[in-house]
Amino acid sequence: MAEIKRVGVLGCGLMGSGIAQVAATAGYETIVRDVSKELLDRGRGGIEKSLAKFVEKGKLPAADRDATVGRLKFTTSVADLTQADIVIEAITEDLGLKNALFKELDGLCSPGTIFASNTSSLTIAEMAAATERPDRFVGLHFFNPVPLMALVEVVRTVTTSEETFKRAFSFAASLRKEPVAAKDNSGFIVNLLLVPYLLDAIRAVERGVGRVPDIDKAMQLGCGYPMGPLTLLDFVGLDTTHHIAEIMFKEYREARYAPPPLLKRMVLAGMYGKKSGKGFYDYSANPPVVTNLGL
């Protein structure tokens, strides 16, 4: 199998910058592309801040931090990714935008370059079909925050070759991650099981099964979860959850994936969770207090 030496990353947001950071830390020459210098500078700043925390906590020698930064390059040109041995897409969950980028890269990259998507809800086959290399296309689904979360779902489509899958799986392991093999179904493994659980927690609030903090506490203490489902929703983002649920409901047409009315109303009101300052909890208070949802 051809060795992966150079990594390309499409998108320098929260996920893209995290993927770039772990790739560069693992020793790969890494180039990150986004649409503007402003977005690249923001992503670069996030990487430098994250690396500084690792150094401060004694988890990364300062020399390794400097070497990691030295292996990172940033660009606004898609053409600069043509020398990459693997290109990982981590942009917004918009199939049209993803496919346009993959079509462009397909004509520029070497035939041996692997294409991968970090999508959390779309199927990999929908993107692979837009290229002339469906046998060299996989899913590499990382989890947020990428530098801290160990799991990577390595997703094989019906067209992915055995060699491509093995190369992608080995690459994920080389990033000091724990890869698992997943089929190409919307949601893969984690979101297929997690999203219905989160949506059911919202339905429990709607139906008055319990108060928001009591539902959270019950799942923490009763199931040993590190945080309750409503707190987790605030951290994931209610808008993000709503978008993923809609994609999965479109795929499966099963009621358990349908966004509950309360979720839709909160998103329309701009209550996205922690990132907007208010979701099931109001983060303008310290400690946060339960939001009055008028139920």
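Residues numbered from 1 in each chain as written. Predicted model: local features only at pLDDT ≥ 70, side-chain atom pairs only at ≥ 80, totals over all residues. Heavy atoms only, no water.

What to know about the nonpolar core
Across soluble globular proteins, nonpolar side chains show a tendency to be buried alongside one another. Under the convention used in this document: Think of a nonpolar core as a cluster: buried Ala, Val, Leu, Ile, Met, Phe, Trp, Tyr and Cys residues, connected wherever their side-chain atoms sit within 4.5 Å. Throughout this description, buried means an accessible area under 20% of the type-specific maximum (1.4 Å probe, protein chains only), exposed means over 50%, and partly exposed covers the range between.
Core analysis: the biggest nonpolar cluster contains 35 residues, and Val7, Ile86, Ile88, Leu140, Phe142 and Phe171 have the highest contact counts within it. With 23 residues, the next largest nonpolar core counts Ala201, Ile215, Phe280 and Tyr281 among its residues.

What to know about the packing of aromatic side chains
As a reminder, the rule being used: When the centres of two rings from Phe, Tyr and Trp lie within 6.5 Å, Trp using its six-membered ring, the rings pair. Their planes under 30 degrees apart give stacked, over 60 give edge-to-face, and anything left gives tilted. Note on conventions: DSSP H or I runs of at least 4 residues are helices, E runs of at least 2 residues are strands, and numbering of each starts at the N terminus.
Evaluated as defined, the whole model comprises seven aromatic pairs. Plain terms: the ring middles of Phe102 and Phe137 are 4.8 Å apart, the flat faces sit at 65° to each other, and that makes the pair edge-to-face. Remark: Phe137 occurs in strand S6 (residues 137-142) and Phe102 occurs in helix H4 (residues 95-106); sequence separation between them is 35 residues. For the residue pair Phe102 and Phe137, the accessibility class agrees, reading buried in each case. The interplanar angle of 40° and the centroid separation of 5.8 Å between the aromatic rings of Phe165 and Phe169 together place this pair among those described as tilted. Of this pair, Phe165 and Phe169 both sit in helix H6 (residues 162-174), four residues apart, roughly one helical turn. Look at Phe169 and you get partly exposed, because its relative accessible area is 28%. Ring pairs connect the aromatic residues Phe102, Phe115 and Phe137, which therefore count as one cluster.

Regarding the pattern of salt bridges
Keep this limit in mind: Put simply, a salt bridge is a Lys or Arg side-chain nitrogen that is within 4 Å of an Asp or Glu carboxyl oxygen.
A full pass over the atoms with the stated rule returns 17 salt bridges. One salt bridge in this structure joins Lys37 and Asp41, with 2.8 Å as the shortest N-O distance. Residue Lys37 and its partner Asp41 are located together in helix H2 (residues 37-56), separated by four residues, close to a single helical turn. Between Lys98 and Glu93 there is a salt bridge, and its shortest N-O distance comes to 3.1 Å.

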